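A structural walkthrough
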Amino acid sequence: MERAVISIKRDAEVTSPTRAAAYALFSQLMASPHEIKSFNIKTEISFECLPYDFDIKDILDQCLAIDDADLKQQYSALFEVGDEGPPAPIREDLFLAQPAKLREDLVRFYEYFGYQLNEEFQWQMDHLSIELEFMHFLIAGEFGADDDKLSFQLGQFDFIEKHLNNWVPQLSEKLIILDHGDIYTKIVIELSKFLLHDFNWQKESISQIDVAGG
Amino acid sequence: MKINRRNFLKGSASTGLILQYSLSNEAVAENPYRGFEDLYRKKWTWDRVVRGTHGTNCAGTCAFNVYVKDGVVWREEQQGQYEQLGDVPDFGPRGCQKGMRHHKYMYGKQRILYPLKRVGDRGEGKWERISWEQATTEIADKFLDYATEYSPECISYGSGTQMSNKLASYASLLRLANITGITVPEFFSGVGDLPTGSYMTLGQVYTGDTFASVYKSKCVMIWMSNPAATRIPDAHFFWEAKYNGTQVIAVSPEFTPTAMHSNLWLNPKPGTDAALAMSMVQVMLKEQLYKANYIQEQTDLPLLVRTDTKEFLRREDLSLYGLLAVADNVYYMWDQTTNSMVQAPGTGRADKPFGRDRRKYGSLELGDIKPTLEGRWLIDTLDGEVEVTTVFELLKEECENYTPKKASEITGVSPDVIEKTARVFADAEPGMIYAGYASCKWLHGDLLQRAMLLMLALTGSTGKEGGGLQIANSPNARGITQFGFSDVGPAFRLISSTTWDYDHADMKELNQKIYGNELAEKFDRYYKKSIEEDWFPDYSQNGWKMGIFAGNNGANWRATGSTWRKTAFEELETIVSLAPDMGVTPLFSDYVLPIAHHYERNDLMLQSRVPYLQVLNEAVPPLGESVDDWEANRRIAEAISRRAKERGIKPIQDAVDGRTIRRDYAKTLELYTMGGRVNNSKDVAQFIINASHGVPKISFEELSQRGMVKVEGVENTMWDTDESPYHNEIVKSVNKKLPYETFTGRQQFYIDHEWFIEFGETLPTFKEPLEIEGYPMRMMMGHARHGIHSMWRDDSLLLSLQRGEPDIYVNPDDATQRGVTDGDLIRVYNTAGEFSAMAHVSSGIQPGMLFMYHGWDPKMFKDDKNFSEVIPTGGLIKPTSMAGDYGHLGYQPLAFAPNQTYKDFTCDFEKSA
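Thresholds applied
- Residues numbered from 1 in each chain as written.
- Chains lettered and ligands numbered in written order.
- Predicted model: local features only at pLDDT ≥ 70, side-chain atom pairs only at ≥ 80, totals over all residues.
- Helix = DSSP H or I, 4+ residues; strand = E, 2+ residues; numbered from the N terminus.
- Buried ≥ 20, exposed ≤ 12 C-beta atoms within 10 Å, placed from the backbone.
- Rg over C-alpha atoms; globule rule 2.2 N^0.38 Å.
- Contact = placed C-beta atoms within 7 Å.
- Arc of directions from axis to C-beta.
- Core = buried A, V, L, I, M, F, W, Y, C linked by C-beta atoms within 7 Å.
- Axes fitted to C-alpha atoms, helices over the stretch in contact; angles between N-to-C directions.
- Parallel < 35°, antiparallel > 145°, perpendicular 65-115°, else oblique.
- Left-handed = near helix turned anticlockwise from the far one by under 90°.
- Nonpolar A, V, L, I, M, F, W, Y, C, P; charged D, E, K, R; others polar.
- Pairing = 2+ DSSP bridges.
- pLDDT = per-residue confidence, 0-100.

A separate point is the overall build of chain A. Scanning chain A from N- to C-terminus turns up 9 helices and 2 strands. Buried residues in chain A amount to 48% of all 214 residues.

Structure, rendered in structure tokens:
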């Protein structure tokens, strides 16, 4: 079985740069502030070119107002340390209690599309920031592909369905329950909404037709 | 263009999140993606397969292949390349479900990935992630404060079972401790694993052979042990031996997986095992099933004892010369041939170190002497005429207290079964007792071991291939100590964790609360006497200020864990844990340093029963910011040096056991790295290989490729040659007639130290285990099938093979009486505390007892209270295990030290509200 795609509404030339930027932004926001000063972000990004109504400028402004030390403390307390593991693991595999094959699936995605992590990050290929970066990577692939945009479009759709949307909404719910009053809860709530928007848009922009011979 | 992740993050920040991967479509050019099935069309491949094992204290040392792809360990597989040694089954393949699960566990939520600093109360679980530099600098400053204001002895660096088995890691700890003068509380006695009864009798605790020796036994009694569950890679030796005709007899109060496979199962009431052993001795004596030649030559049973003083007849009893030359320690026996008293061969020349000269010059050869075992004689002494008899005679008298009928009343084992078992064992040539470490965890475990050794001596089994007491052995580990002491010489402090606890964790008060003032005062009096007499060291003069715990989950396994945490931890000003996984000990620490797991480090394993040196390779880089123990200690050493220089701290004069050592903390790093000659754990491992006796001289790189290599001197299933890296002193005594390293130079069953006379323990005997009045249930614990101590105990898959949560076995009758059904949550309680666990109703458990596999972390229980809440035995230090000034008795690190006990208590249970 093979899937064919009619991307009549996709207009990748226009949507890809902004979508990619949005994923990159979220990737950066969800990276550990111990590894990178993550909120050193230029805020002139415009989300007007997104094919759906979404903006996180308010959250970004709040992020920029937070002291770096506080940011690290908030991040670690939620995602990195805890006596029974972090309260809200920031890695898909951990968050979902290490289901079989999950990490293999991720690696197969990355390997298939040629996305390579450098050594220090390989063990956490399921980190939310890395999964979001991979989405950025796929969108960039779609943007740059001359002949086969379809591969990257389907890759995005499947990856978000099988992975990001499989756990980020739960992560968001978990953080709401934990109620630490931190910036990261707000970011993940927005991320969850964003993923839903993007996923729905992809469903609309990709018509799936089953054809024989696959 | 290839963008790495870090550049991506930086780039996306600085360039306004433009498309970073603009040329990334090459990968799908030839393989268009049309669905997730396409991901799975390509064969999964490995980047490399690495040799490795699990550096934990299961004694398995199993050779594994570790499969790596993209910097991740995905699976492991048994290496299985063990050759056959002689005419016994081989050691491979080795492994168990825990090791096969480690590729998942190492990425689990329990991993500690970053240096942590406590920000809430101890145990609250509130942490701040900090840098290594901040962590080590703050630790170093506190270290220097304590070392210079008080003494380095007030800083303790406790290693645990996970640490001590990895040779390079332990050597690193040893070196840091030796350089700095901090105190190392050893865990061997601290976890109650030290066979002190073996040491009392043989002058050795290292009596075990390779696991294959089981196959050579004609009758093996598996006593207080459950190898079918706890020695998974080696349990096959028992069953292969059984199919080869060996009688396999299990002795345990509960019906274990081992008992299930044995020819015979004896189930004495908990804690009555010594009565069972003494009864079998009684049968052997009564029916004259003993090997007279063996006991005449190898044991003290023919030695003469004064009946008036209960002391051995010594030369000082007979002449003024002897009185002046007390150190000669000449003992006597009665010669049948001449019908006269003669000096026992091999006695005399017992100058310190006790017995060693005797081993060099003396011999147990009897020559023309035919020692009499039975009889009484009148002897002229400086005190006048006194009666003397033999130890053998006294033993016969003692054994009359343990006829099978009397022993049956104590143990619950039928007299017929006792007699039958004694005969079977006596008929075996040789017989073996494979005893678990549980035999050391009773207050009177020493008496049980002495009784076991008596059974083995009477049957001539000790020192024979396929015979003897199999509890412990250990490599001589010269490479480790040489690494620790190189350039600086031995200058460190080593004590028992048991005494560390007693000094520091208010254990006398606990004894008073649980066992009453009389016992508490009595035990305390003997403890203090031993310290005052300098029989045992005491480094607690300044109190303990700082505790470092490496590979040591002491707050879990300590008897009276919660009390210990409250007392010991509250008084420590600074607590540092070095650990790969979060558990109760790191949880209560002030600083936690992340340590690499088994597949993330280079190291060596050399265990007691498996004749192979095994490698640990760094298959993948340590996760997060974790590092191996060598590197963690190097960073601490670097910080101590740096801060000592910055603070202008002058060298101190440190008095260690009568010597003065100059400690220049500014040079800590230089000394630690041997002036830069040793830079990583591979270097340490190579040093150990080069310096260790009996280990093939091989490069670490070659060992890394091969995985494991057989040690030298393995001609049969015993450690019986000097070429091997293991202790073989007992075999030498049996085969070469060299005197034992005991006061009498023989297997010593009679100890006439004044404390032993006072406590009625001159001979092996049975003493009732302690109980808490009003609490009828005796709670037993044992090693688990699905965890090695606390490691892997919380693994989700392994939990799914059990009941998913801590469970405790109860007898159906006891359960019914309390309205408890299988699966109920029950509250177990006594005057020490309480905890709750799921009732596992089983007819394999005797009425009146509870059984629980150990290792469960408190966090897995209701209210964070685990089994240690009801175990109040941390202060039960047996006085005789701190006796000294008696030949071989006196503090010997890792040989003679007081065990922490775990068994002598009772409790009750009810259905949880």
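The next point concerns the overall build of chain B. The number of helices and strands found in chain B is 35 helices and 32 strands. A compact globule built from 913 residues would reach a C-alpha radius of gyration of about 29 Å, and chain B, at 29 Å, matches this within 12%. Taken along its principal axes, the extent of the C-alpha atoms in chain B is 105 × 65 × 55 Å. When burial is assessed residue by residue, chain B has 60% of its 913 residues classed as buried. Sequence-distant contacts, at least 24 apart, represent 75% of the contacts inside chain B between residues at least 6 apart.

Here the focus is the environment of Gly-431 of chain B. Looking at the secondary structure, you find Gly-431 of chain B in strand 16 (residues 431-435). A sequence separation of 24 residues divides Gly-431 of chain B from Met-455 of chain B, and the C-alpha atoms of the two residues are 9.0 Å apart.

On to helix 21 (residues 478-485) of chain B. All names here are of chain B. Every buried residue of helix 21 is listed here: Gly-479, Ile-480, Phe-483 and Gly-484. Down the axis of helix 21, the smallest arc covering the buried residues is 135°, so these residues share one side. Each element contacted by the buried residues of helix 21 is listed here: helix 5 (167-180) and helix 30 (681-691). Asp-487 sits one or two residues past helix 21 and shows a positive phi near 75°.

A word on unusual backbone geometry. Most peptide bonds are trans, and most residues other than glycine sit at a negative phi. Residue and element names in this part refer to chain B. Gly-92 connects to Pro-93 through a cis peptide bond whose omega is -10°. With respect to the helices, strands and loops of the structure, Pro-93 is situated in the loop between strand 3 (72-78) and helix 2 (102-105). In this chain, Glu-429 is followed by Pro-430 through a cis amide linkage whose omega measures 5°. When you line up the elements, Pro-430 lands in the loop between helix 19 (415-427) and strand 16. Its identity as a non-glycine residue notwithstanding, Asp-506 has a phi of 55°, on the positive side. Considering the arrangement of structural elements, one finds Asp-506 in the loop between helix 22 (497-504) and helix 23 (507-515).

Let's shift gears to the nonpolar core. Within soluble globular proteins, side chains that are nonpolar tend to cluster in buried spots. Counting 325 residues, the largest nonpolar core has Met-452, Met-455, Ile-688 and Leu-850 of chain B as its most contacted members. In contact with Ile-688 of chain B, other than residues within four places in its own chain, are Leu-167, Ala-168, Ala-171, Gly-479, Ile-480, Phe-483 and Leu-604 of chain B.

All names here are of chain B. At a minimum axis separation of 9 Å, helix 12 (residues 273-286) and helix 20 (residues 445-458) run at an interaxial angle of 25°. What the angle tells us is that helix 12 and helix 20 run roughly parallel. Crossing handedness for the pair helix 12 and helix 20: left-handed. Here Asp-273, Ala-274, Ala-277, Met-278, Met-280, Val-281 and Met-284 of helix 12 lie close against helix 20, whose contacting residues are Leu-447, Leu-448, Ala-451, Met-452, Leu-454, Met-455 and Leu-458. Looking at side-chain class alone, the contact of helix 12 with helix 20 contains 13 nonpolar, no polar and 1 charged residues.

On to the pairing of strand 24 (residues 652-656) of chain B, then. Examined bridge by bridge, strand 24 of chain B and strand 25 (residues 659-663) of chain B share 5 bridges and lie antiparallel to one another. Residue Gln-653 of chain B lies in a different strand from strand 25 of chain B, and its bridge partner there is Arg-662 of chain B.

Residues and elements named next belong to chain B. With respect to topology, 5 strands assemble into an open sheet ordered 10-9-8-16-17, the strand pairing being parallel. Looking at strand neighbours, the two that pair on one side only are strand 10 (264-266) and strand 17 (468-470), the edges of this open sheet. Each strand axis lies, on average, 20° off the axis of its neighbour in the sheet, ignoring direction. Both strand 8 (residues 219-223) and strand 16 contribute to a ladder of 5 bridges, which runs parallel. By the bridge assignment, Met-221 is partnered in strand 16 with Ile-433.

With that out of the way, let us pick up the environment of Thr-258 of chain B. Residues and elements named next belong to chain B. Note that Thr-258 resides in helix 11 (residues 257-261). In sequence terms Thr-258 and Val-248 are 10 residues apart; their C-alpha atoms lie 9.7 Å from each other. Not counting chain neighbours up to four residues away, the residues in contact with Thr-258 comprise Ile-222, Asn-226, Pro-227, Ala-228 and Ala-250.

Time to look at the sheet that holds strand 14 (residues 376-381) of chain B. All names here are of chain B. Spatial strand order, 11-15-14: 3 strands in an open sheet with antiparallel pairing. The sheet is open, and its two edges are formed by strand 11 (304-306) and strand 14, each paired on a single side. Pairwise comparison of adjacent strand axes, ignoring direction, gives a mean angle of 40° for this sheet. With 3 bridges joining them, strand 11 and strand 15 (residues 384-390) adopt antiparallel strand pairing. Residue pairing for strand 15: Arg-306 is matched across the bridge by Val-388. Set on the sheet, helix 17 (residues 391-399) makes contact with strand 11 and strand 15; between it and strand 15 the angle comes to about 65°.

All right, on to the confidence of the model for chain B then. With 95% of its residues at a pLDDT of 70 or more, chain B has an overall mean of 93. Two numbers describe this predicted complex: its pTM, 0.94, and its ipTM, 0.93.

All names here are of chain B. Running from N to C, helix 18 (residues 404-411) and helix 19 cross one another at 115°; their axes reach a closest spacing of 8 Å. By the angle between their directions, the pair helix 18 and helix 19 is classed as roughly perpendicular. The hand of the helix 18/helix 19 crossing is right-handed. Contacts between helix 18 and helix 19 involve Pro-404, Lys-405, Ala-407 and Ser-408 from the former and Pro-415, Ile-418 and Glu-419 from the latter. Of the residues in the contact of helix 18 with helix 19, the class split is 4 nonpolar, 1 polar and 2 charged.

Here we take up the pairing of strand 27 (residues 778-782) of chain B. Residue and element names in this part refer to chain B. The buried count for strand 27 comes to 4 of 5 residues, which makes it a mostly enclosed element. Inspection of the sheet shows strand 27 paired to strand 31 (residues 849-853) by 5 bridges, in the parallel sense. Looking at the pairing, Arg-778 lines up with Met-849 of strand 31.

In this section: the confidence of the model for chain A. Residue and element names in this part refer to chain A. Summing up the model confidence of chain A, the mean pLDDT is 87 and the portion of residues at 70 or higher is 88%. The weakest mean pLDDT in chain A belongs to strand 2 (residues 209-211) at 44; the strongest belongs to helix 4 (residues 92-95) at 97. A low-confidence stretch, residues 209-214 stays under pLDDT 50, and its non-local contacts, those more than four residues away or across chains, total 10 contacts.

Residue and element names in this part refer to chain A. Within the secondary structure, Glu-111 is located in helix 5 (residues 102-113). Residue class for Glu-111 comes out partly exposed when judged on the 17 C-beta atoms lying within 10 Å of it. Along the backbone, Glu-111 and Asp-147 are 36 residues apart, and their C-alpha atoms lie at a distance of 20 Å.

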